[in-house]
Amino acid sequence: LITSSSKDIIGIAYLSSFEKVIFKRNQSRMKSIDMLSDGDFIFFKSNVFFDNEKFLDINLCLDTGSEISSGTSVFYRKVRDRLNHSKLHVARIETSQGFTSSFVKFLSNIEFQQGDLNFSLENVPVQTKYSPTSFCDFFLGMDFLYENLIELNFEKRTLGIVKN
């Protein structure tokens with residue numbers, strides 16, 4: 001969602017034409033998880049911990065076109081009461097239709113758990129109003145994918161993520 005035209009971005013539609021795409025060779029620390037798709041997004045389900053509350057089966061969508069990971073208005077509606085006192089910011093958002101502005105708030109720390117795979121993100125913007133989808137709770141952008149994605153296995157329908 002928040003992108004840079006100076007980056008070379010490889011789209012999910014292109015990647016899905018292969019049986020397997022390997023991003024990192026070190027597979028010794030890899031955890032395979034089920035890869036799901038709705039036709040538009042590749043995603044996986046995870047439990048999310050925020051503000052001492054657990055949210056079950058949150059949709060985490062991969063977004064190679066986004067520099068940073070962000071929460072959508074879908075997730076914001078689940079936590080808005082906890083963010084009443086958070087400052088509202090204006091962010092420039094790039095969508096498939098061009099640039100627009102959106103109001104965001106920041107989640108200071110958010111933790112994700114999928115089986116024995118755990119990871120966290122700091123200072124994550126979450127959109128308060130606009131969202132290009134009513135499906136994804138979070139978009140995992142290149143900040144997450146570059147550090148954590150090992151492979152996409154379209155044949156087995158799994159994601160290989162770095163296990164901490």
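Within every chain, residues take consecutive numbers counted from 1 along the sequence as written. In view of the model being predicted, local features appear only for residues whose pLDDT reaches at least 70, and side-chain atom pairs are presented and counted only at 80 or more, with totals across whole chains, interfaces and linings using the full set of residues. Each side-chain value is worked out from all heavy atoms of the structure, with water and hydrogens disregarded.

Novice: Which parts of the structure should I look at to understand the environment of Lys78?
Specialist: Put simply, DSSP H or I for four residues or longer makes a helix, DSSP E for two residues or longer makes a strand, and each gets a number counted from the N terminus. Positionally, Lys78 belongs in helix α2 (residues 73–79). As for Lys78 and Asp137, which are separated by 59 residues in sequence, their C-alpha atoms are 9.5 Å apart. Contacts between residues were defined by any pair of non-hydrogen atoms, one from each residue, lying within 4.5 Å. Setting aside anything within four residues of it in sequence, one finds Lys78 in contact with Phe55, Ile58 and Asp137.

Novice: What is the right way to look at the side chain of Ser46 in this model?
Specialist: Its location among the elements puts Ser46 in strand β4 (residues 42–50). Any N or O atom pair separated by 3.5 Å or less is treated as a polar contact, with the protein-specific requirement of one donor-capable and one acceptor-capable atom, and with residues adjacent in sequence counted only for side-chain atom pairs. Looking at Ser46, its side chain comes within polar contact range of the main-chain oxygen of Gln113, at 3.1 Å. When residues no more than four places from it in sequence are discounted, the contact partners of Ser46 are Phe55, Leu56, Asp57, Ile58, Leu60, Phe112, Gln113 and Gln114.

Novice: Explain the nonpolar core to me, please; I cannot follow it from the model alone.
Specialist: In a soluble, globular protein the nonpolar side chains are often hidden away together inside. Grouped together as the largest cluster of nonpolar side chains are 33 residues, with contacts concentrated most on Phe75, Leu107, Ile110, Phe138 and Leu159. A per-element tally of this core places strand β9 (residues 117–127) first, with 5 residues. Counting 5 residues, the second-largest nonpolar core is a separate cluster that includes Phe43, Cys61, Cys136 and Phe139. Among buried residues, those of type Ala, Val, Leu, Ile, Met, Phe, Trp, Tyr and Cys that are joined through side-chain atoms within 4.5 Å constitute a nonpolar core. Relative accessibility under 20% of the residue-type maximum defines a buried residue, over 50% an exposed one, and the middle range a partly exposed one, all with a 1.4 Å probe and only protein chains included.

Novice: Explain the state of the cysteines to me, please; I cannot follow it from the model alone.
Specialist: Here a disulfide denotes one covalent bond, and it connects the sulfur atoms of two cysteines. We call a pair of cysteine sulfur atoms a disulfide when they lie within 2.5 Å. Throughout the structure, instances matching the rule amount to 1 disulfide. Residue Cys61 pairs covalently with Cys136 via a disulfide, S to S 2.0 Å. With the S-S bond torsion at -90°, the cross-link from Cys61 to Cys136 turns out left-handed. Here Cys61, found in strand β5 (residues 53–62), pairs with Cys136, found in the loop between β9 and β10 (138–140); they are 75 residues apart in sequence, far enough to count as distant. With a relative accessible area of 0%, Cys136 lands in the buried category.

Novice: Sorry, what's going on with the sheet that holds strand β2 (residues 30–34) here?
Specialist: Strand pairing within a sheet occurs via backbone hydrogen bonds; the two strands may be parallel or antiparallel. Here a strand pair is declared whenever DSSP counts at least two bridges between the two strands. Taken in spatial order, the 4 strands make up an open sheet running β1-β11-β12-β2, and their pairing is antiparallel. Each having just a single partner strand, β1 (20–22) and β2 make up the two edges of the open sheet. Ignoring which end each strand starts from, the neighbouring axes of this sheet average 20° apart. Across 5 bridges, β2 lies against strand β12 (residues 158–162) in antiparallel orientation. Residue pairing across strands places Lys31 opposite Ile161, the latter belonging to β12. In this analysis, axes come from line fits to C-alpha atoms, helices being fitted only over the stretch in contact, and the angle between any two N-to-C directions falls in the range 0 to 180 degrees.

Novice: Honestly, the packing of aromatic side chains in this entry has me stumped. Any pointers?
Specialist: Centre-to-centre distance and the angle between the planes together describe a pair of aromatic rings. By convention, a stacked pair of Phe, Tyr or Trp rings (six-membered ring in the case of Trp) has centres within 6.5 Å and planes under 30 degrees apart, an edge-to-face pair has planes over 60 apart, and any other such pair is tilted. In the structure shown here, the tally under the stated rule is 7 aromatic pairs. Judged by centre distance (5.7 Å) and plane angle (50°), the ring pair of Phe41 and Phe139 falls under tilted. Linking Phe41 in the loop between β3 (36–37) and β4 with Phe139 in strand β10, this pair joins segments that are 98 residues apart in sequence. The class for Phe139 is buried, based on a relative accessible area of 2%. Each member of the aromatic cluster is reached from another via a ring pair, and the members are Phe55, Phe75, Phe112, Phe119, Phe138 and Phe144.

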